[in-house]
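# Results of the structural survey
Residues per chain are reported as follows:
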Amino acid sequence: MKILLTTLIISIASFNAYSVQSSFRTRAPQLKKSDYTDSDIEAEIKFGRNLAARILGRYALVSDEKAQEYVRLIGTGIAAQIGRPELKFYFGIIKTKDVNAYACPGGYIFITQGAIEKMNNEAELAGVLAHEITHINSRHVVKQINLKAKEGGLGSITGGASASVRVALEQVLDNAMKALFEKGVEKEDEFESDRVATETLINLGYNWKKYVQYINNLKYSIKSGEGEVLSKTHPTPSERVQMIKDSVKKLEIANYTGKNNKTRFRRNVKF
Amino acid sequence: MLTRSFLILSIFLGAFTLNAETAYIKGLKATIYAEPNNSADKIAKLARGEEVTVVDKKGFWRKVKSSKVTGWLPALMISKKKPKNKISVLDKKTNMSQKARKRASTFTSAAAARGLTESGRKRIGKMQQPDFNALEKVEKETVDEEEAIEYLNK
């Protein structure tokens, strides 16, 4: 009995020691990666503001206030549940037939009138907004322009008023615009945003299959030329759809259903 | 002797329990379900920042234990790090365009020194002139987070 008990105790002790070490190994890089100071985050927001102003310089805001308010409500609700809590998220519909949406660091999200025109219900809109929120959560654009959001990277170009700082900021903003309108972010980052958007829809009680349908239909926009930027900056719709289907199957949530809110969408969006 | 051995065993088992992962509620209002399924009974709501212990995992779901309740929620509603408070730069925002205009002469010389020519700046300006007025309109027209969540749940 004593031997048995001693063996059991030693086994548990060894398991504990292994568990502590392995969980530390797993957590250590994550902690370092997400250990952003308030100054790092302020720099990220300042940079995002400047990028957002550039997008609004290229495309005007849609004047339909009812539609703008509706997008704000849906976007803010989603961001409150899955967005980075330290950020305030802003939403706007921009006037272009191009089918796309843009996420600027720090919480600025714009969806095009063209994208909304292709939608049939709120579940699709919620999916696209959740996708953009995930780009911001994971700092995909900052990563793409190869500039550290911490350790003085962004802070060094957003924190000063000198001419050289201004020039550096302009150059980095050019690169960020290229990432948004020409090159896109990494394919894996797009997949991550689709995966999290799908999980978010399920979490919020929406029909995730409507989002998949919307992505699938993007192939028609790409064919007609309305999805030109989208085709340059995103994986193909079929790749995205397949990845989402694989992901929900793996998580055993493929059979979940939910609301579409088509009537509310139609009541608020008239274009 | 046997009692002492069991006491030692309990201490080790206690230490094992402490290895369960600590997490924090990330969403503003997280619904806790009785089972790992979104059609299961909703048994509680936990607020952002509440500390929980993750005691089980099942795909999309995490079983958490708080001081108030034990139940399931989607993994994306929790984070390992304690949520930060909102950070805003709007009270101390700086419109970089205005700043640049104020220092136009300095900017011109620095730009020239770095090879950013006048024609190059005009090209950028034409293509990507920032509109801070429109941005401020977006920043002014916001909605309350709780109100927005209620709207989603309607």
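In this section: the pairing of strand β1 (residues 21–25) of chain B. All names here are of chain B. Of the strand pairs in this sheet, β1 and strand β4 (residues 51–58) are connected by 4 bridges, and their pairing is antiparallel. Note on β4: the bridge partner recorded for Glu21 is Val54. The sheet contact formed by β1 and strand β7 (residues 78–79) spans 2 bridges and is antiparallel. What sits directly across from Ile25, in β7, is Ile78.

All names here are of chain B. Across chain B, pLDDT averages 79, with 64% of residues at or above 70. Every residue in residues 100–126 scores below 50 in pLDDT, and together they form 20 contacts with partners more than four places removed in sequence or on other chains. For this predicted complex, the interface score ipTM comes out at 0.84, alongside a pTM of 0.82.

Moving on: the nonpolar core. The biggest cluster of nonpolar side chains holds 99 residues, and the ones touching the most others in it are Phe47, Ile55, Ile74, Ile78, Phe110, Ile111 and Leu125 of chain A. The element contributing the most residues to this core is helix α2 (residues 38–58) of chain A, with 9 residues. Contacts of Phe47 of chain A, omitting those with residues within four sequence positions, involve Pro105, Ile145, Leu154, Ile157, Thr158, Leu169, Val172, Leu173 and Ala176 of chain A. In terms of nonpolar packing, the next biggest core, distinct from the first, is built from 12 residues, Leu46, Val69, Leu73 and Ile78 of chain B among them.

Attention now moves to the packing of aromatic side chains. Residues and elements named next belong to chain A. One pass over the full model with this rule turns up 8 aromatic pairs over all chains. Judged by centre distance (4.9 Å) and plane angle (20°), the rings of Tyr90 and Tyr108 are stacked. Residue Tyr90 is found in strand β1 (residues 90–94), and its partner Tyr108 is found in strand β3 (residues 108–112); the two are separated by 18 residues along the sequence. According to the relative accessible area criterion, Tyr108 is buried, its value standing at 1%. Sitting over the face of the ring of Tyr36, Arg139 holds its NZ or CZ atom 3.4 Å from the ring centroid. For Lys259, the ring lying beneath its charged end belongs to Tyr206, and the centroid distance is 4.9 Å.

What follows is about the pattern of salt bridges. Counting across every chain of the model gives 23 salt bridges over all chains. Close ionic contact of Glu139 of chain B with Arg49 of chain A constitutes a salt bridge, the shortest N to O distance being 2.8 Å. Of the two residues, Glu139 of chain B sits in helix α5 (residues 132–140) while Arg49 of chain A sits in helix α2, which places them in two different chains. Judged by relative accessible area, which is 8%, Glu139 of chain B ranks as buried. What makes Arg49 of chain A buried here is its relative accessible area of 3%. Put simply, Asp174 of chain A and Arg54 of chain A hold a salt bridge, and the shortest N to O gap is 2.7 Å. Residue Asp174 of chain A is found in helix α8 (residues 163–183), and its partner Arg54 of chain A is found in helix α2; the two are separated by 120 residues along the sequence. Overlapping salt bridges bring together Glu65, Glu69 and Arg72 of chain A together with Lys137 and Glu141 of chain B as one network.

Time to look at the sheet that holds β3 of chain A. Residues and elements named next belong to chain A. The mixed open sheet is built from 3 strands, whose spatial order is β1-β3-β2. Of all strands in the sheet, those with a lone pairing partner are β1 and β2 (101–104), marking the two edges. The mean angle between the axes of side-by-side strands here comes to 15°, regardless of whether they run parallel or antiparallel. Pairing geometry for β1 and β3, over 5 bridges, is parallel. Bridge pairing in β3 links Ile93 to Ile111. Lying on the sheet, α2 is in contact with β1, β2 and β3; it crosses β3 at an angle near 25°. Contacts between helix α3 (residues 65–82) and the sheet are confined to β1 and β3, with β1 contributing the most and set at about 145° to the helix.

Calculation rules
- Residues numbered from 1 in each chain as written.
- Chains lettered and ligands numbered in written order.
- Predicted model: local features only at pLDDT ≥ 70, side-chain atom pairs only at ≥ 80, totals over all residues.
- Heavy atoms only, no water.
- Pairing = 2+ DSSP bridges.
- Helix = DSSP H or I, 4+ residues; strand = E, 2+ residues; numbered from the N terminus.
- pLDDT = per-residue confidence, 0-100.
- Contact = heavy atoms within 4.5 Å.
- Core = buried A, V, L, I, M, F, W, Y, C linked by side-chain atoms within 4.5 Å.
- Buried < 20%, exposed > 50% of the residue type's maximum accessible area, 1.4 Å probe, protein only.
- Phe/Tyr/Trp six-rings, centres within 6.5 Å; stacked < 30°, edge-to-face > 60°.
- Lys NZ or Arg CZ within 6 Å of the ring centre and 35° of its normal.
- Salt bridge = Lys/Arg side-chain N within 4 Å of Asp/Glu carboxyl O.
- Axes fitted to C-alpha atoms, helices over the stretch in contact; angles between N-to-C directions.

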